[in-house]
Amino acid sequence: MEKLVELRGIVKRFPGVVANDRVDFELRRGEVHALLGENGAGKTTLMNILYGLYKPDEGEIYVRGKRVELRSPRDAISLGIGMVHQNFRLVESHTVLENIILGLREDGLRIDFEKHRRRIIELSERYGWKIDPMARIWQLSAGEKQQVELLKILYRGAEILILDEPTSVLTVQETRRLFEALRRMAREGKGIIFITHKLNEVMEVSDRVTVMRRGRVVITKETRETTKAELANYMIGRPIVFGQKKASAQLGAVVLKVIDLKVLGDRGYPAVNGVSLEVRRGEILGIAGVSGNGQVELAEAIAGLRKPLAGRILLNGVDATGMDAGKMIELGVAYIPPEGNKLGIVPGFRVVDNLFLKAYRYPPYSNKLLLNWGKMLEKARELIEEFGIVTPSALSRASSLSGGNIQRLILARELSGIIGGIPRLIVAAYPTKGLDIGATEFVHDLLLRYKEMGSGIIFISEDLEELLLLSDRIAVMSGGRIRGVLAREEADAEKIGLLMSEAVVQAG
Ligand SMILES: Nc1ncnc2c1ncn2[C@@H]1O[C@H](COP(=O)(O)OP(=O)(O)OP(=O)(O)O)[C@@H](O)[C@H]1O
Ligand SMILES: [Mg+2]
């Protein structure tokens, strides 16, 4: 098969790291090529080079056999290269159509909206999507926004598609739909580069897979000639055991009691609609469900970031309803927010500042008048070590960290007990999203460690496998309500799925 892309000897250095170290990579026409590697392995950097965002320090790029020089994404786009970034780059207040034709130059002075509208509908139907060109972006689900991003690059005639962790924002159903579309694109002769951390997805959708580690390519293989275990080994350099967690801890007193809680969502209607639940010391309560069903609003209310409309929140028997985030932290609540990359850090601040966003005003780091920088730096270095944050130093800017390392930074800040002691309650919203398998294992172990030390834990996830692995009980949430709670022994994927779908029928 024709080579659509060939990268030879790509080197890219950033201050303190070699992000890409003599990388060779090839994309063939008609293939889905998975790009796999730990957080910070250099995947996004390599793709940003192919998309013309970064200039490589060394190396050569060939597109359809011709050596090219990519000075900007414009050059890449004109060669038929398109990239969907992990964070969508659409204009929220504009329509789908406006977003797609934004920056197109073919029409001359007059834009024929009707023609574009028809073409967009055609294109969207071809891949099994139902996108209304006149809908505004903010009205769309994450899955639909991604379809618009893809339509946008397909509309420009892209046949080399780069998707950076596209499934981390998708539900199971949306992921399935995306894979069908990708297979279809491959059959049409396009080439697709698919970055992911999920080995199941690699096995399911890709034809070939390239594994990177610390800036280098370890191996490229036909997917059918490898296994999950082998890939994990290439990725982290040691074997990994799948699905064998045992969490044992004595359940203690009730840490958190939520009674008939109602919380408004951003669109002005109740996102949490009468939730009651209980978490004990040493217990992990899993919350299953398709994201966007009130999970985050529930978490934010418990963390003091959103005022409840009605109902009560009791922490160790103390009424904490409506207390702000600062008070909740003092009461021992640690909150790991979702989509850490965007919300959890201040990108322009240094790593140490981000680690101390909350704790800086407490002793021993401050004595009301002065901040003790020495102490903070010392602690920051410890945390970087303990949580395995890959960064040149504690003084580097957080924006220069890779996605997974930003997530580790947030975990370090929230869980390390810098404010004193072990959290009484940990509310973790999708804490492993976007993490590689090594880091996911690390987060799992961390939660289990806190469980053993007596923290009560609310663990929100869409991944049934990890929910079943870690939870003592699993509550199924949809439409702002808890539809049922299953003990670990009785829970399985089928029962959970059933509770979710019953709820949909009820809601609809
Ligand atoms: N703009 C930048 N400035 C400085 N360092 C950077 C920059 N972009 C990336 N790096 C560094 O280059 C290395 C590779 O990062 P990259 O984002 O390519 O990793 P990745 O494989 O995509 O990881 P993840 O799975 O976590 O997204 C990391 O050490 C990262 O900190
Ligand atoms: Mg990345």
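Predicted, not measured: the structure shown is a model, and the values here were computed from it. (Residues numbered from 1 in each chain as written. Chains lettered and ligands numbered in written order. Predicted model: local features only at pLDDT ≥ 70, side-chain atom pairs only at ≥ 80, totals over all residues.)

Now for the overall build of the protein chain. Counting its secondary structure elements, the protein chain contains 17 helices and 20 strands. Radius of gyration (C-alpha) of the protein chain: 24 Å, near the 23 Å computed for a compact globule of 508 residues. Along the longest, intermediate and shortest principal axes, the C-alpha atoms of the protein chain span 70 × 55 × 50 Å. Within the protein chain, buried positions represent 44% of all 508 residues. (Helix = DSSP H or I, 4+ residues; strand = E, 2+ residues; numbered from the N terminus. Rg over C-alpha atoms; globule rule 2.2 N^0.38 Å. Buried ≥ 20, exposed ≤ 12 C-beta atoms within 10 Å, placed from the backbone.)

So, about the sheet that holds strand E9 (residues 208-213). Pairing within the open sheet is mixed, and its six strands lie in the order E6-E7-E8-E3-E9-E10. Sheet topology places strand E6 (81-84) and strand E10 (216-222) at the edges, where each strand pairs with a single neighbour. Taking the axes of each pair of neighbouring strands and ignoring which way they run, one obtains an average angle of 15° across the sheet. Bridge count for strand E3 (residues 32-37) against E9 is five bridges, and the pairing is parallel. Across the sheet, Ala34 pairs through a bridge with Val209, a residue of E9. Along the sheet, helix H5 (residues 142-155) makes contact with E6 and strand E7 (160-164), crossing E6 at roughly 170°. Helix H6 (residues 172-187) rests against E3, E7 and strand E8 (191-195) of the sheet, and its axis sits at about 145° to E8. (Pairing = 2+ DSSP bridges. Axes fitted to C-alpha atoms, helices over the stretch in contact; angles between N-to-C directions. Contact = placed C-beta atoms within 7 Å.)

With 13 residues, helix H14 (residues 403-415) extends 18 Å between its outermost C-alpha atoms, agreeing within 8% with the 18 Å of an ideal straight helix rising 1.5 Å per residue. Counting buried positions along H14 gives 13 out of 13 residues, so the element sits mostly inside the fold. (Expected span 1.5 Å × (residues − 1).)

On to the nonpolar core. Across soluble globular proteins, nonpolar side chains have a tendency to be buried as a group. Of all hydrophobic cores here, the largest spans 74 residues; its most connected members are Ala299, Val333, Leu409, Val427, Ala428, Ile458 and Phe459. Looking at which element gives the most residues to this core, the answer is H14, with six residues. Taken together, domain 2 (244-332 + 423-508) and domain 3 (341-422) each give at least three residues to this core, which thus spans both. Setting aside its immediate chain neighbours within four residues, Ile458 contacts Val279, Leu285, Ile287, Ala299, Val427 and Ala428. Counting 60 residues, the second-largest nonpolar core is a separate cluster that includes Leu36, Ala41, Met83 and Met235. (Core = buried A, V, L, I, M, F, W, Y, C linked by C-beta atoms within 7 Å. Domains from an automatic or database assignment.)

With that out of the way, let us pick up the domain arrangement of the protein chain. Taken domain by domain, the protein chain consists of domain 1 (3-236), domain 2 (244-332 + 423-508) and domain 3 (341-422). Its C-alpha centre places domain 1 at a distance of 32 Å from the equivalent point of domain 3. Taken together, the nine residues of domain 1 in the interface contact eight residues of domain 3. Classifying every residue of the side of domain 1 that touches domain 3 by side-chain character gives three nonpolar, six polar and no charged. (Nonpolar A, V, L, I, M, F, W, Y, C, P; charged D, E, K, R; others polar.)

Further remarks concern the sheet that holds strand E19 (residues 473-478). The strand order E16-E17-E18-E13-E19-E20 describes an open sheet built from six strands, whose pairing is mixed. Because the sheet does not close on itself, it has two edges, and the strands there are strand E16 (333-336) and strand E20 (481-487). Strand-to-strand twist of the sheet, defined as the mean angle between neighbouring strand axes without regard to direction, takes the value 15°. Relative to the sheet, helix H9 (residues 295-302) contacts strand E13 (284-288), E16, strand E17 (425-429), strand E18 (456-460) and E19, its axis offset from that of E17 by approximately 150°. Contacts between helix H15 (residues 437-452) and the sheet are confined to E13, E17 and E18, with E18 contributing the most and set at about 155° to the helix.

What follows concerns the site of ligand 1. Neighbouring residues of ligand 1: 19 residues in total, closest Phe14, Asn39, Thr44, Thr45 and Gly404. Mapped onto the shell around ligand 1, the elements with two or more residues apiece are strand E2 (17-28), helix H1 (43-50) and H14. Here the residues of the shell around ligand 1 sort into six nonpolar, 11 polar and two charged. Here the shell around ligand 1 gathers at least three residues from each of two domains, domain 1 (3-236) and domain 3 (341-422). (Near = placed C-beta within 6 Å.)

The next point concerns the packing of H14 against H15. Across the interface, H14 lies against H15 with an axial gap of 11 Å and an inter-helix angle of 10°. Overall, the two elements H14 and H15 adopt an arrangement that is roughly parallel. Packed against H14, whose contacting residues are Gly404, Arg408, Leu411 and Leu415, the element H15 presents Ala439, Val443, Leu446 and Tyr450 at the interface. Residues of the contact of H14 with H15, tallied by class, amount to six nonpolar, one polar and one charged. (Parallel < 35°, antiparallel > 145°, perpendicular 65-115°, else oblique.)

So, about unusual backbone geometry. Residues other than glycine seldom take positive phi values, yet Asp260 does so here, at roughly 45°. Residue Tyr430 is not a glycine yet carries a positive backbone phi of 50°. With respect to the helices and strands, Tyr430 occurs in the loop between E17 and H15.

What follows is about the pairing of E16. Of the two faces of E16, the one holding Val333 and Tyr335 and the one holding Ala334 and Ile336 are both buried throughout. Across four bridges, the pairing between E16 and E17 is parallel. Paired with Val333 across the bridge in E17 is Leu425.

Extensive coverage of E7 is indicated by the burial of five of its five residues. Here E6 runs beside E7; their pairing, made up of four bridges, is parallel. Looking across to E7, one finds that Met83 is bridged to Ile162. Two strands pair when backbone bridges link them, and E7 and E8 are joined in this way by five bridges, in the parallel orientation. Bridge pairing in E8 links Ile162 to Ile193. Tracing the backbone out of E7, into H6 and back to the parallel element E8 gives a crossover that is right-handed. (Right-handed = clockwise from strand over helix to strand, strands pointing away.)

If you trace the backbone, Leu97 turns up in helix H3 (residues 96-101). If we ignore the near neighbours within four places in the chain, the residues touching Leu97 are Phe113, His116, Arg117, Ile120, Pro133 and Met134.

When two helices pack together, their arrangement is given by the angle between their axes and by how far apart the axes lie. Two elements in contact, helix H4 (residues 113-126) and H5, have axes separated by 11 Å at closest approach and are oriented at 115°. Between H4 and H5, the crossing angle belongs to the class labelled roughly perpendicular. Crossing geometry of H4 relative to H5 is assigned as right-handed. Contacts between H4 and H5 involve Ile120, Leu123 and Ser124 from the former and Leu151, Leu154 and Tyr155 from the latter. (Left-handed = near helix turned anticlockwise from the far one by under 90°.)

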